[in-house]
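# Coordinates in review
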Amino acid sequence: MGKYFHKPGPELRDRVPPGQHLASGFPVLTYGQTPAVYPEDWTLTISGLAESQVFRWDQVMALPQTDFTADFHCVTTWSKLDVTWQGIAIPDLMAQITLDPRAAHVMVHCYGGYTTNLTLEDFSRPQNFLAHTLDGKPLPPAHGGPMRVVVPHLYAWKSAKWISGLEFLADPELGFWERNGYHHQGDPWAEERYSDR
Ligand SMILES: Nc1nc2c(c(=O)[nH]1)N[C@H]1C(S)=C(S)[C@@H](COP(=O)(O)O)O[C@H]1N2
Ligand SMILES: [Mo]
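Summary of the structure given here. (Residues numbered from 1 in each chain as written. Chains lettered and ligands numbered in written order. Predicted model: local features only at pLDDT ≥ 70, side-chain atom pairs only at ≥ 80, totals over all residues. Heavy atoms only, no water.)

Here we come to the pattern of salt bridges. Inspection of the entire model under this criterion finds 6 salt bridges. Among the ionic pairs, Asp-100 bridges to Arg-102, the shortest N-O distance being 2.7 Å. Its relative accessible area of 21% is what places Asp-100 among the partly exposed residues. A relative accessible area of 55% places Arg-102 in the exposed class. With its nearest N and O atoms 2.8 Å apart, the salt bridge here joins Arg-193 to Glu-191. For Glu-191, a relative accessible area of 38% puts it in the partly exposed group. (Salt bridge = Lys/Arg side-chain N within 4 Å of Asp/Glu carboxyl O. Buried < 20%, exposed > 50% of the residue type's maximum accessible area, 1.4 Å probe, protein only.)

Listed below in structure tokens is the structure:
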């Protein structure tokens, strides 16, 4: 594994899911190009089984702002513990959205075309957030700036960078990696890496 990844010591074993190694630094993992998105142009479009609406940057920044410390687990076997972010807790965002009672799944849409699917339950946890700040600085474009999702309890392909929209669905649909063989849920503690469907 060399100098960039190391096996967790015994004191961290319960923090690092099976088959994962600790990364030094914060690797960038992107399929394709980093899109150029600026806060003044950024919007978040709510569609599907919810009242349609489009949030602008200043509207999302006016929501309660929260500090988060969260572990990050990429399915390619690196993990990074205690990443410090600032952003908007998903329940604080959801409080602004009127859902159709049939909504049970979410497709997250991104600038650049990436998508990922979650159950509404997995998406709505209070530990999940929209992040605009990493280590006290504006979220760098490579890490999803100006705004990304972070879902600490699932593999990081669910933590969509450059978020552009939330589409609420009654039935599950598959996002980009989920269509390409990744597990539909992606719990790192259960090693839900690949799909057998
Ligand atoms: N829009 C978008 N979001 C994405 C990805 C991507 O390719 N495009 N890659 C995912 C994967 S596989 C991982 S591990 C994390 C990596 O985030 P990082 O580059 O900030 O480390 O982003 C996730 N979110
Ligand atoms: Mo990943």
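Surveying the vicinity of ligand 1 reveals 20 residues, the closest of which are Pro-27, Tyr-31, His-143, Arg-148 and Lys-161. For ligand 1, an oxygen atom lies 2.7 Å from a polar atom in the backbone of Pro-27. One nitrogen or oxygen atom from the side chain of Arg-148 is found 2.7 Å from an oxygen atom belonging to ligand 1. In isolation ligand 1 has 540 Å² of accessible area, and contact with the protein removes 98% of it. A class-by-class count of the residues in the shell around ligand 1 yields 15 nonpolar, 3 polar and 2 charged. (Near = heavy atom within 4 Å. Polar contact = N/O pair within 3.5 Å; in protein donor to acceptor, adjacent residues only side chain to side chain. Areas by Shrake-Rupley, 256 points an atom, 1.4 Å probe, with all protein chains shown as cover. Nonpolar A, V, L, I, M, F, W, Y, C, P; charged D, E, K, R; others polar.)

The next point concerns the sheet that holds strand β3 (residues 43-48). Read across the sheet, 5 strands follow the order β4-β3-β12-β7-β8 without closing on themselves; strand pairing throughout is mixed. Each end of this open sheet is capped by a strand with a single partner; those strands are β4 (53-56) and β8 (115-119). Across the sheet, the mean angle separating the axes of adjacent strands is 20° when strand polarity is ignored. Of the pairings in the sheet, the one linking β3 to β4 comprises 4 bridges and is antiparallel in character. What sits directly across from Leu-44, in β4, is Phe-55. (Pairing = 2+ DSSP bridges. Helix = DSSP H or I, 4+ residues; strand = E, 2+ residues; numbered from the N terminus. Axes fitted to C-alpha atoms, helices over the stretch in contact; angles between N-to-C directions.)

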